[in-house]
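Chain and residue survey
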Amino acid sequence: SHSSFVGGSYSYVCPFSATAAATDASAVGKILTYNSSGKVAAADATTSTDLYHVVGVASGATTADAVLRIGGLPGMMASVKKTTDAGSAATAGKPVYLAHGAANNGLVSGAAPTTSGESVIRIGFAVESAADGATSLNVIWMPQFLYSVA
């Protein structure tokens, strides 16, 4: 039997796999999208990149052009990577969002993007609270595009 948890030390629920766009030894828990080459890459909140269409959570590290298993069934619990930026703290029961800024591609934050040209993507809801400096977070996976910041 499989647990409904992606990442961490639990069994993975990985509904599909795809070819990775780049090598990423820290991929486990990163939020993923498909790029224009049809490969998965770290999601980016910047609307102009068109990389904000979230498809799942990486369940392993990868090398470029290798197959990467991806989890992401709505309602499942997932361990995701979190930005350590100031103001990124998450509160149990509250929404978490795809983090903004190039250095934060594939990461989540407790704060929604507020910069013009970025998309607000709710990744899910925090299962636990996490301080600004925390690097991971357990969430209930419920991704949804909310709006683009004007």
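Note that this is a predicted model, so its numbers are computed, not measured. (Residues numbered from 1 in each chain as written. Predicted model: local features only at pLDDT ≥ 70, side-chain atom pairs only at ≥ 80, totals over all residues. Heavy atoms only, no water.)

1. Remarks on the overall build of the protein chain
Put simply, the rule reads: Secondary structure elements are defined from DSSP: runs of H or I of at least 4 residues count as helices, runs of E of at least 2 residues count as strands, and each element is numbered from the N terminus. Here, residues are in contact when the closest pair of their heavy atoms is within 4.5 Å. Every accessible area reported is derived by Shrake-Rupley at a probe size of 1.4 Å, with residue values counting cover from the shown protein chains alone.
For the protein chain, the count of helices and strands is 0 helices and 11 strands. Reading the secondary structure of the protein chain in the N-to-C direction produces β-β-β-β-β-β-β-β-β-β-β. Across the protein chain, the fraction of contacts at a sequence separation of at least 24, relative to all contacts at a separation of at least 6, is 64%. In the structure as shown, the protein chain presents an accessible area of about 6,800 Å², 54% of it carried by carbon and sulfur atoms.

2. Digging into the nonpolar core
Cut-off, in case you're wondering: What makes a nonpolar core is a set of buried Ala, Val, Leu, Ile, Met, Phe, Trp, Tyr and Cys residues whose side-chain atoms join them at distances within 4.5 Å. Here the term buried applies to any residue with accessible area under 20% of the maximum for its type, exposed to any over 50%, and partly exposed to those in between, with areas from a 1.4 Å probe on protein chains only.
If you look at the biggest cluster of nonpolar residues, it comprises 20 residues, and the most contacted ones within it are Ile31, Val80, Ile123 and Leu137. Of all elements in the fold, only strand S5 (54-58), strand S7 (77-81), strand S8 (95-98), strand S10 (119-126) and strand S11 (136-148) reach the threshold of two or more residues within this core. Beyond its immediate chain neighbours, meaning those up to four positions away, Leu137 contacts Ala78, Ser79, Val80, Ala90, Val96, Val108, Ala126, Glu128 and Ala130. Counting residues in each nonpolar core, the second largest holds 8 residues, with Ala18, Leu32, Val40 and Ala58 among its members.

3. Notes on the pairing of S8
The condition that has to hold: Think of it this way: DSSP has to see at least two bridges between two strands before they count as a pair.
Here 3 bridges tie S8 to S10, and the two strands are oriented antiparallel to one another. Bridge pairing in S10 links Val96 to Gly124. Where S8 meets strand S9 (residues 108-109), 2 bridges bridge the pair, whose relative direction is antiparallel. By the bridge assignment, Tyr97 is partnered in S9 with Ser109.

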